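# Structure at a glance
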Amino acid sequence: MEAGQHGLVKARATLEGALYGTALYRVSLRGKRPEALAFGPVDPWPGDAVRGAALLKDVYGFAGATVTANGSPPWRPDGVSRRWLEAMHGFQWLRDLQALNSVDARAHGRRLTIDWIERSGDWDKLTWRADVLGRRLVSWLSYSGLLLAEADRASAEVILGSLSEQARHLGRVVTGGPDGSPRITAIKGLIYAALCLPGDDARVTHGLRLLEPELERQILADGSHVARSPAVQLAVFCDLVELRALLAAARKPACETLRRAIDRMAPLLRFFRHGDGGLALFNGSNEQDPELIDRALALGEAVGKAPTSAPHGGFERLLAQRTLVIADVGAPTALSAAHAHGGTLSFEMSIDGQRMIVNCGAHSGGDDVWRDAMRATAAHSTAAVDDHNMLERLDDGSLGRGPKRVISKRLEDGGNIWVDATHDGYRDIFGMTHRRRLYLTADGDNLRGEDILSGGDRVARFTIRFHLHPDVKASLTADGAGALLQLANGEGWRMRTGGAALVIADSVYLGRAGEVSRTEQIVLSGQLKGGATTIKWALSKFPAKK
């Protein structure tokens, strides 16, 4: 985002705050209060009874932080992150209370909802932001049975009245919130409200008309979401299949653009899965729950297989027998800025569902230090120059210097697979390009790599990292020039290298949301030479086949 555009956004936000926070605007949201819902949707995603039981005890755990309340719901506790507040005010935790299937859980959900209306029902720039509001409307409507079935008349009127007011506001601001996937979430909320609140049929058509150009803009031709994040791929896919299911249940036609988007996204969701069913860790992603991914794909009813390449999203998938390699060969864009990590040309590798080479993952909480560390180039299995981050993030959240041009080629012959990719992320600082060649043999027992750092005349050092999954044990070979890797099932792999010093160092793994695990990394390092420096390495099953 350019400085002038950023200034306009800030000015608009200031003006909107001055308007939406007034008593006069709140009056403008009032209208005829519905006596009942026209339609009650069903949430297709299961809740967690353990989390629900914690909520009953006033323990609220979101985005890596836990808050224990003393009888009064913590709508704005001190010291929590923006993500925590988004989760709390998004009300998706209602599904966890529903999982308990008890009178106490339903009563607790109603009390929290009424309390929110009384204490947080006035406009706020975060909790009434379009995507947070859309998520809250979907949650309240999907769990209307929990909120309304056993409610007294006064409570039901308050909840229905608030639903109506929030829906009116969302109709006015639905495209004014954050760009990208949050906008799809906001439009989804608008369509839910239009279907479920009586007399809003015209708004269903309006919502679908808003959705179509967003899908055309955000879902690329190969099915990738423009954010280039497996986690966002899953989240948007879930939003879309849930929305299509709602339209079908309400006997409303879904637009063709929605159907096509689901059909294109499903193969790319499969593309990003390792053999354990979880997602690869690129651009702000965690592994996610394999059962949730299975459920989403089943609901999506899309049968397309995972492709070998995602040329528009910028990823390659190398699969040979039991060995899978997923590589990032794309450049970040303005629409991927919120999720972009400095990991261009990084890769992950798994064997029979056992992860071996990984990226470090993403921090789901509000600690800026951890979040920035996970975004750094050093947290990815790729090359760095003088440990500089290849991708610069500006104070306003937009991207500065970094890879602008990434070229990738793929060749297959007799089951052997080559990928050759180059990025210019170090051109502005060092005048260098990084080229990585990967070669996976047809039997899946050998992955050979070559990293070439070219150009520039500054004295600098290179560092190439191979982060290991916590289940992998690493040790140096007897001569100290290589490393032996042992998977959880006892299978052994060996790394050899030429043109670099090899050490085993400490690392961390944040692949499972909310967890920080100690692990190790193999680090290749050395002095860059003038012109071009080539570092060769190989990973092979040990002992190798005879």
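Residues numbered from 1 in each chain as written. Predicted model: local features only at pLDDT ≥ 70, side-chain atom pairs only at ≥ 80, totals over all residues. Heavy atoms only, no water.

## Some remarks on the packing of helix H12 (residues 230-249) against helix H13 (residues 256-271)
Basically, it comes down to this: Geometry is summarised by axes, namely lines fitted to C-alpha atoms with helices restricted to the contacting stretch, and by angles between N-to-C directions that run from 0 to 180 degrees. For the purposes of this entry, the term helix denotes a DSSP run of H or I that reaches at least four residues, the term strand denotes a run of E that reaches at least two, and both are numbered from the N terminus. Here a crossing is called left-handed whenever its near helix is offset anticlockwise from the far helix by less than a right angle, and right-handed whenever the offset is clockwise. Contacts are assigned to residue pairs with any non-hydrogen atoms lying within 4.5 Å of each other. Only Asp, Glu, Lys and Arg are considered charged, only Ala, Val, Leu, Ile, Met, Phe, Trp, Tyr, Cys and Pro nonpolar, and every remaining residue, Gly among them, polar.
With their axes 10 Å apart at the nearest point, H12 and H13 run at an angle of 140 degrees to one another. Every pair of crossing elements has a handedness; the one defined by H12 and H13 is left-handed. Of H13, the residues touching H12 (which contributes Gln233, Leu234, Val236, Phe237, Leu240, Val241, Arg244 and Leu247) are Leu258, Arg259, Ala261, Ile262, Met265, Ala266, Leu268 and Leu269. Partitioned by chemical class, the residues of the contact of H12 with H13 number 13 nonpolar, 1 polar and 2 charged.

## Concerning the pairing of strand E9 (residues 406-413)
For a regular strand, side-chain orientation follows a simple rule: the groups alternate between the two sheet faces. Applied cut-off: What makes two strands pair is DSSP finding at least two bridges between them.
Of the strand pairs in this sheet, E9 and strand E10 (residues 416-423) are connected by 8 bridges, and their pairing is antiparallel. From the neighbouring strand, Lys409 faces E10, where its bridge partner is Asp420. Between E9 and the antiparallel strand that follows it, E10, lie 2 residues; Gly414 among them carries a positive phi value of about 60 degrees.

## A short note on the pattern of salt bridges
Think of it this way: side chains of opposite charge can pair up when their charged atoms draw near. Selection criterion: For salt bridges, the criterion is a side-chain nitrogen of Lys or Arg within 4 Å of an Asp or Glu carboxyl oxygen. Relative accessibility thresholds used throughout: buried, under 20% of the residue-type maximum; exposed, over 50%; partly exposed, between the two (1.4 Å probe, protein chains only).
The full count for this structure, using the stated rule, is 37 salt bridges. A salt bridge links Asp420 to Arg437, with the nearest nitrogen and oxygen atoms 3.6 Å apart. On the criterion of sequence distance, the pair formed by Asp420 in strand E10 and Arg437 in strand E11 (residues 433-440) is long-range, its members being 17 residues apart. We classify Asp420 as partly exposed; its relative accessible area is 22%. For Arg437, a relative accessible area of 32% corresponds to the partly exposed category. Salt bridges sharing common partners tie together Asp420, Arg435, Arg437, Glu450 and Lys536.

## Structural notes on the confidence of the model for the chain
Operational definition: pLDDT is defined as a per-residue confidence score from the predictor, taking values between 0 and 100.
Considering every residue of the chain, the mean pLDDT works out to 92; 96% of them sit at 70 or more. Below pLDDT 50 for its whole length, residues 1-8 participates in 5 contacts with residues either more than four positions away or in separate chains.

## Quick word on the nonpolar core
Threshold: Joining through side-chain atoms within 4.5 Å is the link that ties buried Ala, Val, Leu, Ile, Met, Phe, Trp, Tyr and Cys residues into a set, and such a set is a nonpolar core.
Residues Trp93, Leu94, Phe237 and Leu240 are the most contacted members of the largest nonpolar core, which totals 94 residues. Leaving out residues up to four positions away in the same chain, Leu94 has contacts with Gly109, Ser139, Trp140, Tyr143, Leu146 and Leu147.

## Some details on helix H4 (residues 82-90)
Where H4 is concerned, the buried positions are Trp84, Leu85, Glu86, Met88, His89 and Gly90. On its buried face, H4 is in contact with strand E1 (59-62), strand E2 (65-68), helix H6 (103-120) and helix H7 (130-142). Just past H4, the residue Phe91 takes up positive phi, approximately 65 degrees.

## A word on the side chain of Thr344
Along the polypeptide, Thr344 turns up in the loop between strand E5 (323-328) and strand E6 (347-351). If we skip the residues at most four places from it in the chain, Thr344 touches Asp328, Gly330, Pro332, Thr382, Met390, Pro403, Val406 and His423.

## Overview of the packing of aromatic side chains
Which entries qualify depends on this criterion: Here the aromatic set is Phe, Tyr and Trp, taking the six-membered ring for Trp, and pairing holds for ring centres within 6.5 Å; pairs whose planes are under 30 degrees apart are stacked, those over 60 apart are edge-to-face, and all others are tilted.
Tallying each qualifying case throughout the model produces 17 aromatic pairs. Where Phe62 meets Trp84, the ring centres are 5.4 Å apart and the plane angle is 65 degrees; that geometry is what we call edge-to-face. Here Phe62, found in strand E1, pairs with Trp84, found in helix H4; they are 22 residues apart in sequence, far enough to count as distant. Residue class for Trp84 comes out buried when judged on its relative accessible area of 0%. Taken together, the ring pairs in this structure connect Trp75, Phe91, Trp93, Trp116, Trp128 and Trp140 into an aromatic cluster.

## Brief notes about the sheet that holds strand E12 (residues 446-454)
Strand order in the open sheet formed by 8 strands is E9-E10-E11-E12-E19-E16-E15-E14, and the pairing between neighbours is antiparallel. Pairing within the sheet leaves two strands with one partner each, and these edge strands are E9 and strand E14 (473-476). The sheet shows a mean angle of 15 degrees between the axes of neighbouring strands, taken without regard to direction. Relative to E11, E10 runs antiparallel, the two sharing 7 bridges.

## As for the packing of H13 against helix H14 (residues 290-300)
We apply this condition: Should an angle fall under 35 degrees it is taken as roughly parallel, and over 145 as roughly antiparallel, whereas 65 to 115 is taken as roughly perpendicular and any remaining angle as oblique.
Their axes nearest at 10 Å, the elements H13 and H14 cross at an angle of 150 degrees. The angle between H13 and H14 places the two elements in the roughly antiparallel class. Like other packed secondary-structure pairs, H13 and H14 cross with a definite hand, here left-handed. Only Ile293, Leu297 and Gly300 of H14 make contact with H13, whose side of the interface consists of Ile262, Ala266, Leu269 and Arg270.

## Some details on the environment of Ala460
Along the polypeptide, Ala460 turns up in the loop between E12 and strand E13 (461-468). Sequence separation between Ala460 and Gly223 is 237 residues, and the spatial gap between their C-alpha atoms is 39 Å. Ignoring anything within four residues of it in the chain, the contact list for Ala460 reads Val385, Asp386, Phe430, Gln527 and Leu528.

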